[in-house]
Amino acid sequence: MGHCRISWFQCTIFSAISESHLHLDYVFTADMGEQNDSGTLFEGIQRWSESKGNITVEQMKERIYKGIRKEMLQGVQAIRTHIDVTDPTFTGLKAALEVREEVKDILDLQIVAFPQEGMYAYKGGAELVEEGLKMGADCVGAIPHFELAREFGEKSIHKTVELALKYDRLIDVHCDETDDTQSRFLELLNALVLMEGIGMKTTASHTCSFGSADNSYAFRMMKLLKKSGINFISCPTENIYLEGRQDTYPKRRGLTRVKELNDNGINVCFAQDSMSDPWYPLGNGNMMMILDHGIHIAQMMSPEEIANALDLVTLNGAVTMNLMICRTSCLRHRKISSDFLWNGNPALLWDAARISFLPMNPMYFGYTFTHRIKSG
Ligand code: 17E
Ligand code: FE2
């Protein structure tokens, strides 16, 4: 995929690592409320809802910076973050908007106005998403599989596209994050953005149920997905952990059809989703670990797939995020350690972006120069 990757003095230079799906407002909140005993998406939403009330903007910023620092120290230079806007005080969004401005020289931080508790699962949800866009969020989010009824889910997809057109924003929907094969909001989202010609500005995140779909349905969908140019994000560790929970054996993996999407020339990337939150107890910002899990779970380890594997956490993520200029990272195979980046000063993020010394192999650092990636 036109990926700039050259070997140079024991280094491989490639498009910067991109984290296209991370909930920065949730990072390190796993201990804040009751534990998610069922390990399901739905209990995670409930636990977050119970515990999100008493956070200040400053506390939120502190955790957001902690999450960003962890990612950048491991080579990430672009993050798309879903920020919960189903909180009328907009604590998370205010914090994320401030951080976006503060880090703009070193990190492409994209914010999704994400209605974690639905647009129509309570009154006024859709208005909060619109307000989030007015405040400056880059993307419209939705969660149709969580709405109270299929029709409400469909209505939320229509609303998402309407808002994206009205405010000229990107779209990233938490779409069909369930094993339920009846959850087919991807089909509607794809059809609407195809008709509007904004497929390339649209992302379907998760689409777990598409991994459980009937082959004849998937066959037809692949052609339509290719036609619209829609992007896909799969979160391999998160999806395999949260899905399959109602299965005994055989037990589903919970991932969308990553390999098949890729084989069909549809843009697909991997992302982390969580770092120690009510949905997922682990996660440390290491996208190489996500990639490692992803290519195993998606069975993408032919010689050609391994040769192109880095694209799944670099270039493909940048394409998803509509970044036409991409920073560049460098991966070295040499051990250097340092402590100075680990103190909490945001100013040091600049150094982290340029030279991050990791206390382990491999080492990544990003250059300040950029190179152009596939556009349009
Ligand atoms: N919220 C959601 O709807 N799905 C997820 N996987 C996470 C938060 C982490
Ligand atoms: Fe998510």
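None of these values were measured; they are calculated from a predicted model.

Student: Give a detailed account of the overall build of the chain, specifying residues and quantitative values.
Tutor: Regarding its fold elements, the chain presents 13 helices and twelve strands. For the chain, the proportion of its 376 residues judged to be buried stands at 59%. Taking as baseline every contact in the chain between residues at least 6 positions apart, the subset at least 24 positions apart corresponds to 79%. For the chain, the exposed area adds up to about 15700 Å²; of that, 53% sits on carbon and sulfur atoms.

Student: Before we move on, can you summarise the coordination of the iron ion (ligand 2) with the specific residues and values?
Tutor: Protein coordination at the iron ion (ligand 2) comes from His 21 (NE2), His 23 (NE2), His 174 (NE2) and Asp 273 (OD), with a distance range of 2.1 to 2.4 Å. Viewed at the metal, the four donor atoms of the iron ion (ligand 2) are separated by angles of 83 to 177 degrees, and the geometry they form is irregular. One chain supplies every donor for the iron ion (ligand 2), spaced along it as H-x1-H-x150-H-x98-D. With His 23 in the loop between β3 (17–22) and α1 (41–51) and His 174 in strand β7 (residues 170–175), this residue pair connects regions lying 151 residues apart in the sequence. The same class applies to His 23 as to His 174, namely buried.

Student: Quick one: what's the story with the site of ligand 1, residue by residue and with numbers?
Tutor: Around ligand 1, the surrounding shell holds 14 residues, and the nearest of these are Gln 116, Glu 177, Glu 238, Asp 273 and Ser 274. One of the side-chain N or O atoms of Gln 116 is found 2.7 Å from a nitrogen atom in ligand 1. Compared with its free state, where it exposes 260 Å², ligand 1 has 100% of that area covered by protein.

Cut-offs used in this document
Residues numbered from 1 in each chain as written. Chains lettered and ligands numbered in written order. Predicted model: local features only at pLDDT ≥ 70, side-chain atom pairs only at ≥ 80, totals over all residues. Heavy atoms only, no water. Helix = DSSP H or I, 4+ residues; strand = E, 2+ residues; numbered from the N terminus. Buried < 20%, exposed > 50% of the residue type's maximum accessible area, 1.4 Å probe, protein only. Contact = heavy atoms within 4.5 Å. Areas by Shrake-Rupley, 256 points an atom, 1.4 Å probe, with all protein chains shown as cover. Donors = N, O, S within 2.8 Å, 3.2 Å for Na, K, Ca; no water. Tetrahedral: all angles 85-135°; square planar, octahedral: opposite > 155°, others 65-115°. Near = heavy atom within 4 Å. Polar contact = N/O pair within 3.5 Å; in protein donor to acceptor, adjacent residues only side chain to side chain.

Scope: geometric values only; no functional claims are made or implied.
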